[in-house]
Amino acid sequence: MLTSISPAHRRAIEQVDALLSRVGIRRDGHLDYTCGIFDDDELIATGSCFGNTIRCLAVSGERQGEGLLNQVVSHLMEVQAQRGNTHVFLYTKAASARFFADLGFYEIARVDGELVFMENRRTGFADYCRALARTRREGRSAAVVMNANPFTRGHQHLVERAAAESDTVHLFVLSEEAGPIPFAVRRRLVREGVAHLPNVICHDSGPYIISAATFPSYFLKDEDTVAAAHAKLDLTVFGRIAQTLGVTVRYVGEEPDSGVTALYNRIMAERLPEVGVACRVIPRLMAGDRVVSASTVRQAIHDGELAAVADMLPPATAAYFASAEAAPVIAAIQKQKEVCHH
């Protein structure tokens with residue numbers, strides 16, 4: 001019997017964890033729906049969703065070949081359709097990619113035989129690149145990718161540096177909802193914050209540039225392996241975007257306090273030249289003796305001390321957080337136990 005599994009159903013979740021462990025993966029930290037097929041009281045197949053992605057698929061070894069995974073995926077696709085998600089993505093081990101191709105999924109990118117990123121549209125990524133191609137400009141083109149959670153003077157400094165050294169800057173804002181500040185707000189504050197730079201073109205990242213906050217980690221053993229795999233997948237996808245736009249340099253901000261980001265930047269510096277893109281790491285902007293940081297801003301909001309980081313905020317961001325519109329977002333940040341991980 002195929003049924004949904006509530007996070008509160010402890011015994012069923014324990015069975016999910018045990019089944020996933022037997023196939024060499026663990027339950028992802030980002031799931032919003034889980035289902036399973038039970039034979040009597042024994043879980044023999046499972047799968048989950050997060051947003052418009054399918055994750056954590058497994059079938060009991062002795063029940064392989066019975067079409068159970070097909071049933072799970074079909075059910076999860078129905079769940080996605082009920083959510084209004086017609087464009088669906090999944091991550092799988094490289095050895096399983098052929099199976100999902102038979103179910104109508106198409107490869108976007110893969111990482112060193114570790115994992116494959118797939119979607120259910122044959123030309124989804126190609127269509128995204130074709131739309132980007134219409135914004136291609138002559139001359140030296142650069143790229144910046146940011147979450148801007150929220151947009152700070154540090155982000156602004158990075159884009160200004162890229163704009164001063166390039167004919168065109170393609171600025172990608174991560175589209176996924178990975179924190180309490182909605183994408184629509186983050187995008188608006190970015191656009192207002194770079195409006196004085198006529199050679200900057202703002203883009204939504206769409207579903208193809210994945211943030212560290214929601215990158216699937218359940219295939220991988222430790223934090224460094226997760227960070228490395230995320231960087232490699234991101235850069236494989238970004239390499240094709242860069243070729244589409246004629247981008248020859250990507251600007252990134254230095255992150256002296258994060259070992260994970262330092263690893264990410266190191267892999268970026270190694271891999272980007274392979275696709276003809278240089279990596280420019282720009283020292284972080286300082287506000288007095290403090291590094292300007294979105295994490296620091298979120299912590300100040302969490303602690304009710306936004307005024308203490310006023311010197312880190314561009315006018316548009318400061319005006320937003322002083323407005324009534326921001327009240328629900330401020331409340332959401334203040335409810336979080338940890339605000340420095342997005």
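Residues numbered from 1 in each chain as written. Predicted model: local features only at pLDDT ≥ 70, side-chain atom pairs only at ≥ 80, totals over all residues. Heavy atoms only, no water.

### Digging into the packing of aromatic side chains
Threshold: Classification of ring pairs rests on two measures: the distance between centres of Phe, Tyr or Trp rings, Trp counted by its six-membered ring, which must be within 6.5 Å, and the angle between planes, read as stacked under 30 degrees, edge-to-face over 60 and tilted in between. Numbering of helices and strands runs from the N terminus, with a helix taken as a DSSP run of H or I at least four residues long and a strand as a DSSP run of E at least two residues long. The classification of residues rests on relative accessible area computed with a 1.4 Å probe and restricted to protein chains. Under 20% of the type maximum is buried, over 50% is exposed, and intermediate values are partly exposed.
Within the structure shown, the criterion is met by 8 aromatic pairs. Here the aromatic rings of tyrosine 128 and tyrosine 208 are separated by 5.1 Å at their centres, their planes lie at 40°, and the arrangement is tilted. Within this pair, whereas tyrosine 128 is found in helix H4 (residues 124–133), its partner tyrosine 208 is found in the loop between strand S10 (200–204) and helix H7 (223–245), the two being separated by 80 residues in sequence. Looking at tyrosine 208, the relative accessible area reads 2%, which means it is buried. With a centroid separation of 5.0 Å and an interplanar angle of 75°, the aromatic rings of tyrosine 320 and phenylalanine 321 are classed as edge-to-face. Note on tyrosine 320: relative accessible area 4%, which makes it buried. With relative accessibility at 5%, the residue phenylalanine 321 sits in the buried group. Aromatic rings pair up to connect Phe89, Tyr91, Phe117, Phe125, Tyr128 and Tyr208 into one cluster.

### Here we look at helix H6 (residues 183–193)
This is how the line gets drawn: By construction, the arc corresponds to the directions joining the helix axis to the C-beta atoms.
By the burial criterion, the buried members of H6 are Phe183, Val185, Arg186, Leu189, Val190 and Gly193. Taken around the axis of H6, the buried residues stretch over an arc of 165°, which confines them to a single face.

### A word on the nonpolar core
Here is the rule we go by: Definition of nonpolar core: a set of buried residues of the types Ala, Val, Leu, Ile, Met, Phe, Trp, Tyr and Cys, connected through side-chain atoms within 4.5 Å. Whether two residues touch is decided by their heavy atoms; if any such pair falls within 4.5 Å, the residues are in contact.
Val144, Met146, Leu171, Val200, Tyr251 and Phe321 are the most contacted members of the largest nonpolar core, which has 40 residues in total. Secondary structure elements with two or more residues in this core: strand S8 (141–146), helix H5 (153–164), strand S9 (168–173), H6, strand S11 (247–253), helix H9 (294–302), helix H10 (315–321) and helix H11 (327–335). Leave out the neighbours within four places in its chain, and leucine 171 touches Val144, Met146, Val159, Val190, Val194, Val200, Ile201, Cys202 and His203. Leu233, Ala242, Val247 and Val277 belong to the second largest nonpolar core, which has 39 residues in total.

### Considering the sheet that holds strand S1 (residues 2–4)
Spelled out, the test is: At least two DSSP bridges between two strands are needed for those strands to be called paired. Axis lines are fitted through C-alpha atoms, for helices just across the contact stretch, and the angle between N-to-C directions can take any value from 0 to 180 degrees.
With mixed pairing, 7 strands are arranged side by side in an open sheet as S1-S2-S3-S4-S5-S7-S6. The two strands at the open ends of the sheet, each matched to only one other strand, are S1 and strand S6 (106–111). Strand-to-strand twist in this sheet, taken as the mean axis angle between neighbours without regard to direction, amounts to 25°. Direction of pairing for strand S3 (residues 42–50) relative to strand S4 (residues 53–59): antiparallel, over a ladder of 5 bridges. Bridged to phenylalanine 50 within S4 is threonine 53. Against the sheet, helix H2 (residues 68–82) makes contact with S1, strand S2 (33–39), S3 and S4, and its axis sits at roughly 160° relative to S4, the strand it touches most.

### A look at a negative patch on the surface
Selection criterion: Each patch is assembled from residues with relative accessible area greater than 30% and no salt bridge, linking like charges that lie within 9 Å and nonpolar side chains (Val, Leu, Ile, Met, Phe, Trp, Tyr) that lie within 5 Å. We get accessible surface area from the Shrake-Rupley algorithm with a probe of 1.4 Å; when it comes to residues, only the shown protein chains can shield them. The term salt bridge refers to a side-chain nitrogen of Lys or Arg lying within 4 Å of a carboxyl oxygen of Asp or Glu. Positive charges are assigned to Lys and Arg, negative charges to Asp and Glu, while His and the chain termini are left out of the count. Every charge is mapped to an atom, namely NZ of Lys, CZ of Arg, CG of Asp or CD of Glu.
Taken together, Asp40, Asp41, Glu42 and Glu62 make up a surface patch of like negative charges. Here glutamate 62 falls in the exposed class, since its relative accessible area comes to 57%.

### What about the sheet that holds strand S12 (residues 278–282)?
One open sheet holds the 5 strands; their spatial order is S10-S9-S8-S11-S12, and the pairing between them is parallel. Looking along the sheet, the strands with just one partner apiece sit at the ends: S10 and S12. Across this sheet, the average inter-strand angle for adjacent strands is 25°, counted without regard to direction. Examined bridge by bridge, S9 and S10 share 5 bridges and lie parallel to one another. By the bridge assignment for S10, valine 169 is matched with valine 200.

### Re the environment of glycine 104
As for its placement among the helices and strands, glycine 104 is situated in the loop between helix H3 (97–102) and S6. With 91 residues separating them in the primary sequence, glycine 104 and isoleucine 13 have C-alpha atoms 29 Å apart. Excluding anything up to four places from it in sequence, glycine 104 contacts Glu119 and Asn120.

### Description of H9
Basically, it comes down to this: Side-chain atoms alone can form a polar contact between residues adjacent in sequence; in general such a contact is a pair of N or O atoms within 3.5 Å, and within protein one must be able to donate a hydrogen while the other accepts it.
The complete set of buried residues in H9 reads Ala294, Val297, Arg298, Ala300 and Ile301. Down the axis, H9 shows its buried residues gathered within 160° of arc, on one side only. Residue serine 293 occupies the N-cap position of H9, its side-chain oxygen lying 3.1 Å from the main-chain nitrogen of serine 295. After H9 finishes, the residue glycine 304 shows a positive phi value of roughly 70°.

### Remarks on the pattern of salt bridges
All chains considered together, the criterion is met by 14 salt bridges. Among the salt bridges present, the one from aspartate 39 reaches arginine 63, with a minimum N-O distance of 2.9 Å. Taken together, the residues aspartate 39 in strand S2 and arginine 63 in the loop between S4 and H2 connect sequence positions 24 residues apart. Arginine 250 serves as the salt-bridge partner of aspartate 234, at 3.5 Å between the closest nitrogen and oxygen. Of this pair, aspartate 234 sits in helix H7 while arginine 250 is found in strand S11, placing the two residues 16 residues apart along the sequence. What makes aspartate 234 buried here is its relative accessible area of 4%. Taken together, the shared-partner salt bridges connect Asp39, Arg63 and Glu66 into one network.

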